[in-house]
Amino acid sequence: MKEKNELSYKDLRMKCKENLFHFETTKELEPINDGIGQERGIKALEFGINVNVKGYNLYIEGPSGVGKTMYTKNYLDSIAHKVKIPPDWCYIYNFKNPNEPVAVSLPAGQGKEFKESMDGFIKEVKKDIKKTFNADDFEKEKALIKKEFEEKREIVMAKLNEDSSKHGFQVKSAQNGIYMMPMVDGKVIQEEEFEKLEEEIKQEYEEKSVIVQQQIMEAISQIKQIERQSDKKVSEWQSNVALLTVNAHINYIKSKYKRNKKINQFLNDVKQDVLTNVSYFLEEDKQQNPQQVQQGPTQKKQDPCLNYRVNLFIDNSNREGCPVVMDSNYSYQNIFGKLEYENYYGALKTDFTMLKPGLMHIANGGYIIFQAKDLLANGMCYEELKRVLRIKELSIDNTNEQRSSMAMISLKPEPIPLDLKVILVGNANIYHTLLSMDSDFRKLFKIKVEFEETAPVNEENVNKLARFIHSYCEQEKLLPLDKSAMARIVEHSSRMAGDREKLSTRFTEIAQVVGEAGTWARLAKAKIVTAEFIDKALEERVERIKKYDTKYLEMIKENSLLINTTGSLVGELNGLTVMTIGDYSFGKPAKITVNTYTGRGSVVNIEREVEMSGSTHSKGVYILSGYLGEMFAQDIPLCLTASICFEQLYNGVDGDSASSTELYGLLSSLSDIPIKQSIAVTGSVNQKGQIQPIGGVNEKIEGFYQICKMRGLDGSHGVMIPIQNVNNLQLSNEVVEAVKDKKFHIYAISTIEEGIEVLTGVPAGKKDKYGKFPAGTINYLAHEKLKKYARACERGERIFDFF
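Reading the values: rules and limits
- Residues numbered from 1 in each chain as written.
- Predicted model: local features only at pLDDT ≥ 70, side-chain atom pairs only at ≥ 80, totals over all residues.
- Heavy atoms only, no water.
- Helix = DSSP H or I, 4+ residues; strand = E, 2+ residues; numbered from the N terminus.
- Buried < 20%, exposed > 50% of the residue type's maximum accessible area, 1.4 Å probe, protein only.
- Contact = heavy atoms within 4.5 Å.
- Areas by Shrake-Rupley, 256 points an atom, 1.4 Å probe, with all protein chains shown as cover.
- Pairing = 2+ DSSP bridges.
- Right-handed = clockwise from strand over helix to strand, strands pointing away.
- 1 Å grid on protein atoms, 1.4 Å probe; cavity = no way out; pocket = protein on both sides within 12 Å on 5 of 7 lines; lining within 4 Å.
- Points joined across faces, edges and corners; volume = space filled by probe spheres on them.
- Nonpolar A, V, L, I, M, F, W, Y, C, P; charged D, E, K, R; others polar.
- Axes fitted to C-alpha atoms, helices over the stretch in contact; angles between N-to-C directions.
- Expected span 1.5 Å × (residues − 1).
- Arc of directions from axis to C-beta.

Draft legend 1. Representation of the overall build of the protein. The helix and strand tally for the protein stands at 27 helices and 31 strands. The buried share of the protein, taken over its 803 residues, is 47%. Across the protein, every contact between residues at least 6 apart in sequence was considered, and the portion connecting residues at least 24 apart equals 77%. Only carbon and sulfur atoms are counted for the fraction: they give 49% of the accessible area of the protein, which is about 41100 Å².

Rendered as structure tokens:
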């Protein structure tokens with residue numbers, strides 16, 4: 001029976017043939033831009049990118065390290081040049097509502113031209129206005145207007161003097177106004193002389209002075225009116241002269257942007273503002289006099305040209321195709337833009353030129369990739385992302401930054417329409433959590449793209465893996481790999497996948513092995529990485545982190561942990577477990593003991609009784625009762641109590657991979673047939689006695705092999721596994737060689753009957769047509785024991801009834 005179930009050494013490991021590779025070293029290969037074994041995911045990604053409907057953003061799901069982000073970025077880069085270049089965006093001053101800057105969209109490249117045009121306009125208009133108003137013609141016209149004003153003023157003053165003289169007064173003008181003086185006999189008298197006049201005469205002058213004062217007020221009013229008319233005439237002349245200068249520039253810029261209503265309105269506002277502030281431009285040189293001492297923020301009027309500037313918010317002039325944006329800074333301001341401030345005499349001052357774009361603005365019209373875990377770590381960013389995707393527009397909200405004690409002036413810029421695809425990259429746990437907890441997520445991310453963690457082992461995929469390794473070696477400046485090294489990488493990848501017909505797509509872990517092998521090759525002064533260095537890297541990776549594995553082995557060597565690997569014992573055998581500590585998993589045996597005695601048909605799981613058993617393990621123990629009932633209790637009651645224990649296991653147990661082991665112990669205890677301690681067992685069982693596959697098969701076999709090797713291999717040692725796990729075997733070369741030399745054995749079984757025969761060397765026995773087991777078989781002896789228990793129970797019940 002052993003020979004029937006024993007595996008050949010050829011079945012224990014997938015050997016990658018070097019002739020699968022189309023190169024001598026990976027240096028000959030081209031970099032890879034597509035996925036490995038991700039056809040279904042790639043199809044979903046390509047479809048999702050092409051859906052131009054609101055809410056069809058993508059979630060790329062898959063385990064860490066399978067290349068989700070790399071492939072998505074490479075694919076988007078490859079198609080970006082085929083997509084129309086998005087427009088430039090500028091912010092300009094809003095003359096009607098200064099705190100609400102206007103957003104202007106322009107074809108790619110024209111935003112930069114518009115900014116340069118306005119910068120040139122500011123320089124030229126200042127220069128031309130000064131040049132124009134410093135011309136002789138302008139000064140002559142200005143002098144004529146002033147002369148006309150003086151003539152009209154003199155007429156008013158002459159009339160005033162004529163009228164005042166009738167009342168005995170003469171008037172004169174001065175810088176601070178107009179004053180009057182009394183006259184006697186046609187001559188002006190001084191105050192001392194006036195005081196010497198008789199009271200009646202003085203009284204008469206006082207009365208007449210009221211009339212003269214009224215005349216003076218009327219004259220002043222007339223003069224003010226003449227001044228206003230003069231100033232207006234000068235201003236109109238200045239505006240007319242300036243208009244000719246400004247129009248030449250404005251009309252030139254307008255001709256470039258005839259169809260853009262916002263720019264045309266802006267240019268009209270600029271023209272009007274220039275005409276309003278002509279005097280500022282003429283006085284600018286005086287205001288910039290370095291000898292003038294500034295006393296505070298109100299000492300100098302703001303340059304109106306500051307409002308003529310253009311904030312080139314998004315510049316796509318140098319872009320070929322649409323943007324593909326990916327970044328590692330997930331702060332709110334970096335994603336959604338910000339409004340910067342500067343300290344201005346104790347207040348935080350800003351203007352529309354301090355509006356800065358975020359990643360979403362930069363990616364607008366293209367694609368943006370977010371890592372779901374990092375985005376969700378900042379809840380404010382995730383909520384804002386959902387908001388902008390719902391309303392399809394981007395605004396800059398600076399309310400989150402207004403925590404300063406200083407006075408702040410904020411802006412409310414016009415929102416920009418949003419048109420982009422958002423790609424979230426994360427694992428399945430995040431996806432399902434968002435799907436169940438966030439109703440918006442389902443509406444906004446309607447395309448799910450699944451990346452697999454394994455791919456079939458075939459010629460195409462192994463060569464794609466080689467191209468990936470070439471890309472990694474080029475990026476990290478590592479030595480190239482030859483065919484033998486690539487074959488080892490494929491074999492290691494298959495072990496990572498847990499299937500000899502699969503490759504793992506966890507490229508991050510594979511790259512780590514390549515990087516370490518490259519380092520060992522460099523230290524050895526080799527020019528190429530061979531299989532020797534791959535093996536060295538894998539051995540050293542384990543050596544660095546096997547502290548707990550070594551301690552466990554030492555405890556077994558010192559018999560602190562009782563593990564038998566020789567002889568045969570009734571109701572005792574070695575089960576196999578996998579222990580995971582951090583990033584290292586290793587297999588080790590655990591002694592399982594079983595005692596049976598008369599009882600009421602229950603199997604006692606000692607771990608469960610002391611609350612050290614997981615639910616899956618407890619389920620496995622309950623299954624044993626079902627098997628025993630069907631196999632042995634069709635004609636007798638199952639009067640059995642069995643206690644099962646994982647000896648010296650103090651940190652709990654879960655999983656059902658030891659359920660078959662426990663059943664073998666039960667059968668041994670019932671039949672009193674000893675089990676060989678040199679064979680360890682793993683595998684779960686169902687109620688029908690069929691063996692089911694388990695996980696960690698390689699680690700379990702290698703763990704037991706280490707102990708047997710430590711105590712000395714004598715050809716009797718081995719491990720029994722489910723037959724379904726044969727395809728998962730990718731054992732170390734050392735174990736394979738031991739099996740080849742018949743020093744160690746691997747048995748694959750499909751039923752409990754096959755397994756008990758391997759462990760005991762005694763036939764299991766099958767029921768004949770009368771329901772009887774052949775004498776001397778395991779099942780016969782177990783059935784006889786159960787009959788004995790049943791009779792004992794029956795006698796006990798009669799005695800109980802008697803009393």
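Right, picking up where we left off after that structure.
Draft legend 2. Seen up close, the pairing of strand β30 (residues 718-722). The buried fraction of β30 is high, at five of five residues. Sheet analysis places strand β27 (residues 679-681) next to β30, joined by three bridges and oriented parallel. Across the sheet, residue Ile679 finds its bridge partner in β30, namely Gly718. The pairing of β30 with strand β31 (residues 745-749) spans five bridges and is classified as parallel. When the sheet's bridge partners are listed, Gly718 is paired in β31 with His745. The handedness of the β30 to β31 crossover, carried by helix α25 (residues 733-740), is right-handed.

Draft legend 3. Quick look at the layout of surface pockets. By volume, the largest pocket is sized at about 1700 Å³. Lining the largest pocket are 50 residues, with Arg495, Leu538, Val542, Tyr584 and Glu702 positioned closest to its centre. When contributions to the lining of the largest pocket are tallied by element, the ones reaching two or more residues are α17 (483-497), α18 (507-523), α19 (531-544), α20 (547-557), β23 (584-598), α24 (697-711) and α25. With nine residues, α24 is the largest single contributor of residues to the lining of the largest pocket. Class assignment for the residues of the lining of the largest pocket results in 14 nonpolar, 16 polar and 20 charged. Lining the second largest pocket are 34 residues, with Asn52, Gly365, Gly366, Asp419 and Leu420 positioned closest to its centre. Where the lining of the second largest pocket is concerned, the elements lending two or more residues are α2 (39-50) and α3 (68-80). When the residues that make up the lining of the second largest pocket are grouped by side-chain class, the tally is 19 nonpolar, nine polar and six charged.

Draft legend 4. Summary view of the sheet that holds strand β17 (residues 421-426). Pairing is parallel in the open sheet, where five strands are placed in the order β8-β13-β17-β1-β18. In this open sheet, the two edge strands, each paired with only one partner strand, are β8 (324-326) and β18 (447-450). Between one strand axis and the next, the sheet turns through 20° on average, direction left out of account. Of the strand pairs in this sheet, strand β13 (residues 367-371) and β17 are connected by five bridges, and their pairing is parallel. Looking across to β17, one finds that Ile369 is bridged to Ile423.

Draft legend 5. Structural detail: unusual backbone geometry. Phi is positive for Lys392, which is not a glycine, with a value near 60°. With respect to the helices and strands, Lys392 occurs in the loop between α13 (379-391) and β14 (393-394). Unlike most non-glycine residues, Lys477 shows phi in positive territory, near 60°. Of note, Lys477 is situated in the loop between α16 (459-476) and α17. Since its relative accessible area comes to 71%, Lys477 is described here as exposed.

Draft legend 6. The arrangement of the pairing of β23 in detail. With 11 of its 15 residues buried, β23 lies for the most part within the structure. Across 10 bridges, the pairing between strand β22 (residues 572-581) and β23 is antiparallel. Its bridge partner being in β23, Thr580 is matched across the sheet by Ser585. When β23 meets strand β25 (residues 640-646), the two strands line up antiparallel, connected through seven bridges. Across the sheet, residue Asn595 finds its bridge partner in β25, namely Ser643.

Draft legend 7. Region of the structure containing α2. Taking 1.5 Å of rise per residue, the 12 residues of α2 would be expected to cover 16 Å, and the 17 Å separating its terminal C-alpha atoms lies within 8% of that figure. Those residues of α2 that fall on the buried side of the exposure criterion are Gly41, Ile42, Leu45, Gly48 and Ile49. The buried residues of α2 occupy an angular sector of 130° when the element is viewed end-on, so they sit on one face. Residues of α2 that are exposed and point more than 90 degrees away from the buried face comprise Glu39, Lys43, Phe47 and Asn50.

Draft legend 8. Expanded view of empty space enclosed by the protein. Evaluated as defined, the whole model comprises two cavities of 30 Å³ or more. By volume, the largest cavity amounts to about 80 Å³. Residue lining of the largest cavity: Tyr552, Ile556, Leu561, Leu562, Ile563, Pro589, Ala590, Lys591, Glu647, Gln648 and Leu649, and that is the complete set. At the level of elements, α20 and β23 are the ones that each hand at least two residues to the lining of the largest cavity. With three residues, β23 is the single largest residue contributor to the lining of the largest cavity. By residue class, the composition of the lining of the largest cavity is eight nonpolar, one polar and two charged. The space that makes up the second largest cavity amounts to roughly 50 Å³. Every residue lining the second largest cavity is listed: Ile32, Asp34, Gly35, Ile36, Gln38, Val66, Gly67, Met70, Tyr71, Phe451, Phe468 and Phe507. The residue inventory of the lining of the second largest cavity, partitioned by class, reads eight nonpolar, three polar and one charged.

Taken by themselves, the reported measurements are silent on function.
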